[in-house]
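Residues per chain are reported as follows:
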Amino acid sequence: MSFLQNIKEALLHLLFPQVCASCSSDVLPKDHLLCLPCVEALPQTYFHLHPNNPAEKIFTGRLPLVHATSQYYFTKESGLQHLLHGMKYKGAKELCVYMGRLMGQQLSESTWIQNIDALVPLPLYAQRERQRGYNQSALLCEGIAEVLQKQVWKDVVERSMATESQTRKNRVERWQNMEGRFSVANIPLLEGKHILLVDDVVTTGATLESCGRTLLQVPGTQLSIATLCFSAD
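Parameters and conventions
- Residues numbered from 1 in each chain as written.
- Predicted model: local features only at pLDDT ≥ 70, side-chain atom pairs only at ≥ 80, totals over all residues.
- Heavy atoms only, no water.
- Core = buried A, V, L, I, M, F, W, Y, C linked by side-chain atoms within 4.5 Å.
- Buried < 20%, exposed > 50% of the residue type's maximum accessible area, 1.4 Å probe, protein only.
- Helix = DSSP H or I, 4+ residues; strand = E, 2+ residues; numbered from the N terminus.
- Contact = heavy atoms within 4.5 Å.
- Pairing = 2+ DSSP bridges.
- 1 Å grid on protein atoms, 1.4 Å probe; cavity = no way out; pocket = protein on both sides within 12 Å on 5 of 7 lines; lining within 4 Å.
- Points joined across faces, edges and corners; volume = space filled by probe spheres on them.
- Phe/Tyr/Trp six-rings, centres within 6.5 Å; stacked < 30°, edge-to-face > 60°.
- Arc of directions from axis to C-beta.

> Teacher, can you tell me more about the nonpolar core here?
Soluble globular proteins: nonpolar side chains tend toward being buried together. Residues L42, M87, M99, L196 and L228 are the most contacted members of the largest nonpolar core, which totals 37 residues. Of all the secondary-structure elements, those providing two or more residues to this core are α4 (79-89), α5 (93-107), α7 (136-148), β6 (194-202) and β7 (222-230). The greatest single-element share of this core, amounting to eight residues, is contributed by α5. The contacts of L228, once residues within four sequence positions are left out, are S70, Q71, Y72, L84, M87, M99, M103, L140, D199 and D200.

> Explanation requested: the pairing of strand β1 (residues 68-73) in the structure shown.
The side chains of a regular strand alternate, residue by residue, between the two faces of the sheet. Of all the six residues making up β1, five are buried; the element is thus mostly covered by neighbouring parts of the structure. Two elements, β1 and β7, share five bridges in a ladder whose sense is parallel. What sits directly across from T69, in β7, is A226.

> Got a minute to help me understand empty space enclosed by the protein in this structure?
One water molecule sets the probe size; rolling that probe over the atoms shows where empty space is left. Applying the stated criterion across every chain, the model contains one cavity of 30 Å³ or more. Considered as a void within the structure, the largest cavity measures approximately 50 Å³ in volume. Taken together, H48, T69, S70, Q71, M103, Q106, L107 and T227 make up the full set of residues lining the largest cavity. Broken down by secondary-structure element, the contributors of at least two residues to the lining of the largest cavity are β1 and α5.

> Is there a simple way to think about the packing of aromatic side chains in this case?
In the structure shown here, the tally under the stated rule is three aromatic pairs. Ring centres of F47 and F230 lie 5.4 Å apart, and the angle between their planes is 85 degrees; this geometry places the pair in the edge-to-face category. One end of the pair, F47, is in the loop between α2 (36-41) and α3 (54-58); the other, F230, is in strand β7, with 183 residues separating them in the sequence. Exposure remark for F47: the relative accessible area of 4% places this residue in the buried category. For the pair Y73 and F230, a centre-to-centre distance of 6.4 Å together with 85 degrees between the ring planes defines the contact as edge-to-face. Taken together, the residues Y73 in strand β1 and F230 in strand β7 connect sequence positions 157 residues apart. You can call F230 buried: its relative accessible area is 11%.

> What am I meant to see in α4 here?
Residues that lie three or four places apart on an α-helix share one face, since the helix turns once every 3.6 residues. Every buried residue of α4 is listed here: L80, L83, L84, G86 and M87. Along the long axis of α4, the arc covered by the buried residues comes to 160 degrees, so they all point the same way. For α4, the elements touching its buried residues are β1, α5, α7, β6 and β7. Just past α4, the residue G91 takes up positive phi, approximately 70 degrees.

Below you can see the structure in the form of structure tokens.
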């Protein structure tokens, strides 16, 4: 049976070759979307192992966090930017979950992650999510949760208004653009819980700060933040 299974898998690979989402190599480990050289080339931060890391410093004096971390350094015109573009705009749902699994594997090395009660994805505005067909942060949460065996609470906080793109705004404009944009949809579920708020990338932290402030209005709630990428721009 194993011989026939090998032939079947070889034929499927010939007819429907699976290639690395970054470099397009067809030499992939089973059930992986990136080849091993591309995984090893991802610029890891190791922030999850170090308190007072650069991700935490973004929110110092702005948001009372327990922990903050980002898994990879983001640079423009890099392979990681190509992956993020696919995750956000090209319908690469499986890639979102896969990158979430990589996040989960790294986070599992930290001691503080065991104190997290649930994962909460940064919400998209409902109309934008319908247009895109998914929320990449929610899919990242699914991948993280597979590894860490944590719950994902997708609908406990809502984005109550659409916002303009943050890309060309300065730090003050980004904060003003996000002020008052979120609302809590399930206060009893959040009460007394330690939440890990998850997003794809942090730059100035304005969006995460706005959502985090809303979550921390719930009595007894503690907040940590994890993003896939860290951008210093």
